[in-house]
Amino acid sequence: LCSSLGLSGLVLRWFPILKLHATHRGTQDKDKADCVLVHGVDGTKTVCKLQRVEDEAELSLSSFFVYRSLRYFQIGGSTFLPACFSVSAHLHYIRSVSTQGLTIGEVHKRKRIFGLN
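Residues numbered from 1 in each chain as written. Predicted model: local features only at pLDDT ≥ 70, side-chain atom pairs only at ≥ 80, totals over all residues. Heavy atoms only, no water.

Considerations on unusual backbone geometry
Even without glycine at this site, Arg-68 takes up a positive phi of about 55 degrees. For Arg-68, the position within the fold is in the loop between strand E4 (63–67) and strand E5 (70–75). Backbone geometry places Ser-69, a non-glycine residue, at a positive phi of 65 degrees. Mapped onto the elements of the fold, Ser-69 is located in the loop between E4 and E5. (Helix = DSSP H or I, 4+ residues; strand = E, 2+ residues; numbered from the N terminus.)

Structure below.
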């Protein structure tokens, strides 16, 4: 029995798609999902843990997952998009932020996106 369990663990390690089918099952209810299956452009399949944002003030930032060091946020129904930020800002905005700091709303939004440091 122990040898067959060890062998099954080895087979699941060699064939990740079998491990995926053995340990996860699909659901149509996105609120009950705790993982997301990501299909890479190179054909790989990766299971990522779905994380929920505690502050539900903005519904567009309600859940996200991390894949290859990027956070993908749920937008709309079942679409996830990476967090993209533009580094081009007006000089007036940069000066006001550097002298006055960020607004409370912007601080809360960035904490929801990036988490606590």
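Back to the text.
Observations concerning the side chain of Ser-63
Within the element layout of this structure, Ser-63 appears in strand E4. Using a relative accessible area of 1% as the deciding quantity, one classes Ser-63 as buried. In this structure Ser-63 touches Leu-50, Gln-51, Arg-52, Val-53, Tyr-72, Phe-73, Gln-74 and Phe-80, once residues within four positions along its chain are discounted. (Buried < 20%, exposed > 50% of the residue type's maximum accessible area, 1.4 Å probe, protein only. Contact = heavy atoms within 4.5 Å.)

Some remarks on the sheet that holds E5
In space, the four strands of this open sheet follow the order E3-E4-E5-E6, with antiparallel pairing throughout. Unpaired on one side and paired on the other, strand E3 (51–52) and strand E6 (79–82) mark the two borders of the sheet. (Pairing = 2+ DSSP bridges.)

Re the pairing of strand E1 (residues 35–39)
Along E1, the buried face is formed by Val-36 and Val-38; none of Cys-35, Leu-37 and His-39, which line the opposite face, is buried. Summarising the sheet, E1 and strand E2 (residues 45–49) pair through five bridges and their orientation is antiparallel. For Val-38, the partnering residue across the bridge sits in E2 and is Thr-46. Following E1, the chain reverses through five residues before pairing antiparallel with E2; Gly-43 in that reversal takes a positive phi of roughly 95 degrees.

Thoughts on the nonpolar core
Membership of the largest hydrophobic core is limited to eight residues, which are Ala-33, Val-36, Val-38, Cys-48, Leu-50, Phe-65, Tyr-67 and Tyr-72. Breaking this core down by element, the ones donating at least two residues are E1 and E4. The residues contacting Ala-33, other than those within four sequence positions of it, are Thr-27, Leu-50 and Arg-52. (Core = buried A, V, L, I, M, F, W, Y, C linked by side-chain atoms within 4.5 Å.)

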